[in-house]
Amino acid sequence: MKFVESGNIDGRTVIYFHGAPGSPEEISIFDEHAKKHNLHVICYDRFSIDSSLQNEAYYKYLASVIIDKANGGMVDIIGFSIGCHAAIETSLYLKGTARELHLISAAAPLDAAEFINSMAGKMVFSMAMKYPTIFTLLSYWQTILAKIAPNVLFKMLFASAMGEDKILSKTADFKGFINPILIHCFKSNVKGYIREIKQYVTPWGNSIVKCSANTHIWHGTSDNWSPVGMARYLKETITTSTHLELITGLSHYTCLYAAVPKICSQLEKT
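So, here's what we can say about the structure. Just so we're clear, the structure is a prediction, and the values are computed from it rather than from any experiment. In this numbering scheme, every chain counts its residues from 1 along its sequence in written order. Thresholds applied to this predicted model are a pLDDT of at least 70 for local features of residues and 80 or more for the giving and counting of side-chain atom pairs; totals over whole chains, interfaces and linings are not thresholded and use all residues. To obtain the side-chain values, all non-hydrogen atoms of the structure were used and water was disregarded.

Here the term cavity refers to a set of points on a 1 Å grid, laid over the protein atoms alone, in which a 1.4 Å probe fits but cannot get out; the term pocket refers to an open set having protein on both sides within 12 Å along at least five of seven lines, with lining residues being those that place an atom within 4 Å of a point. Grid points are joined across faces, edges and corners, and a volume is the space filled by probe spheres set on the points. In total, this model carries one cavity of 30 Å³ or more according to the counting rule given. The computed volume of the largest cavity comes to approximately 30 Å³. Lining the largest cavity, in full, are Ile-15, Tyr-16, Phe-17, Tyr-44, Arg-46 and Leu-62. Strands here mean DSSP runs of E at least two residues long; helices mean DSSP runs of H or I at least four residues long; both are numbered from the N terminus. The element best represented in the lining of the largest cavity is strand 2 (residues 12-17), accounting for three residues. Taken together, the residues that form the lining of the largest cavity break down as five nonpolar, no polar and one charged. Note on residue classes: Ala, Val, Leu, Ile, Met, Phe, Trp, Tyr, Cys and Pro are nonpolar, Asp, Glu, Lys and Arg are charged, and everything else, Gly too, is polar.

Disulfides are defined as cysteine sulfur pairs within 2.5 Å. Enumeration according to the criterion identifies zero disulfides in this entry. Residue Cys-84 stays outside any disulfide, its sulfur separated by 9.6 Å from that of Cys-255, the closest cysteine. Type-normalised accessible area, obtained with a 1.4 Å probe on protein chains alone, sets the label of each residue: buried when under 20%, exposed when over 50%, and partly exposed for intermediate values. Residue classification places Cys-84 among the buried residues on the basis of a relative accessible area of 1%. For Cys-255, a relative accessible area of 0% corresponds to the buried category.

A few words now on the pairing of strand 7 (residues 242-247). Each regular strand shows side chains that alternate between the opposite faces of the sheet. Alignment of strand 6 (residues 214-220) against strand 7, held across six bridges, turns out to be parallel. Of the residues in strand 7, the one forming a bridge with Ile-217 is Leu-244. The β-α-β motif built from strand 6, the intervening helix 11 (residues 228-237) and the parallel element strand 7 has right-handed crossover chirality. Strand pairing is defined by DSSP finding a minimum of two bridges between the two strands. Call a crossover right-handed when, viewed with both strands pointing away from you, the route from the first strand across the helix to the second goes clockwise.

This brings us to the side chain of Ser-81. By the secondary structure assignment, Ser-81 is in the loop between strand 4 (75-80) and helix 3 (83-91). A 3.5 Å cut-off defines polar contacts: any pair of N or O atoms within that distance qualifies, except that in protein one atom must be a possible hydrogen donor and the other a possible acceptor, and neighbouring residues in sequence count only when both atoms are side-chain atoms. Of the polar contacts made by the side chain of Ser-81, one reaches the side chain of His-252; its length is 2.8 Å. Note on contacts: a residue pair is in contact if any heavy atoms of the two residues lie within 4.5 Å. Excluding residues that lie within four positions of it along the chain, Ser-81 makes contacts with Gly-19, Ile-104, Ser-105, Ala-106, Ala-107, Ser-226 and His-252.

In this model, the largest pocket occupies a volume close to 470 Å³. Around the largest pocket, the lining comprises 26 residues; the ones closest to its centre are Ala-120, Gly-121, Val-124, Leu-157 and Trp-225. Counting only elements with at least two residues in the lining of the largest pocket, the list comes to helix 4 (122-130), helix 5 (132-148), helix 6 (150-158), helix 9 (190-201) and helix 12 (252-269). For the lining of the largest pocket, a count of residues per class yields 19 nonpolar, seven polar and no charged.

Each patch groups residues whose relative accessible area exceeds 30% and which form no salt bridge, using 9 Å between like charges and 5 Å between nonpolar side chains of Val, Leu, Ile, Met, Phe, Trp and Tyr. Accessible surface area values rest on a Shrake-Rupley calculation with a 1.4 Å probe, where residue burial reflects the displayed protein chains alone. For this analysis, a salt bridge means a side-chain nitrogen from Lys or Arg found within 4 Å of a carboxyl oxygen belonging to Asp or Glu. On the surface, Trp-141, Ile-144, Ile-148, Val-152 and Met-156 cluster together into a nonpolar patch covering about 500 Å² of accessible area. Counting residues per element, the ones that place at least two in the nonpolar patch are helix 5 and helix 6. Among the elements that make up the nonpolar patch, the one with the highest residue count is helix 5 (three residues). Here Trp-141 lies in helix 5. On the basis of relative accessible area, Trp-141 is assigned to the partly exposed category, the value being 41%.

Here it is in structure tokens:
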């Protein structure tokens with residue numbers, strides 16, 4: 001499976017689960033901090049996995065790849081956004097290989113509470129649940145936008161940005177960061193993206209109860225992609241040692257930027 005890596009090749013191994021939409025190029029955020037704290041961060045291109053591999057078989061495959069990479073050692077897991085769902089599911093099959101689980105701007109199960117009504121992606125998730133064929137057509141339309149008008153796709157996705165994300169989305173640096181990620185996701189790997197969203201909107205609360213990794217949750221109080229109630233739900237539902245850090249005023253991506261240096265520093269010390 002394709003992957004992108006960052007930091008020091010001989011450092012402590014960290015597996016990063018990118019968002020949806022998203023791509024392995026997200027780990028560019030880790031570059032400076034991973035090198036500083038002697039971490040080797042790896043992000044697998046999940047959407048490039050054969051789209052016929054679904055549900056439990058998909059997560060078992062991801063776990064087998066991570067176990068092979070660990071080569072008898074331990075790894076730390078970091079998930080972002082909907083990538084947190086894949087991270088939690090995969091952790092169930094890691095056979096004691098996972099040391100810590102860090103969830104950033106985490107998306108919780110939609111059936112756990114009335115989260116969806118306050119989510120910026122309400123239309124997309126509702127469509128994926130109730131009208132999966134139309135959701136698939138929408139995703140392919142986004143593929144066309146990614147090819148011919150990526151700036152239009154960017155504006156659509158960030159039109160509802162709140163908190164510090166609203167400011168971030170207007171900067172040239174962030175647009176330069178996110179546009180290639182959107183193009184990679186929709187232009188190259190839309191089938192994998194569709195699988196990820198469809199599996200996310202299917203009930204998966206039992207997986208949270210089974211999660212056995214020591215977990216740290218990082219969440220912005222102004223997040224409207226993953227409302228802050230999702231972070232509180234995860235804190236209350238994960239049965240192992242779980243720490244929740246709420247960051248005032250931050251939203252989805254600004255929380256990612258803020259959490260990465262803190263997580264890297266913390267991993268070096270533990």
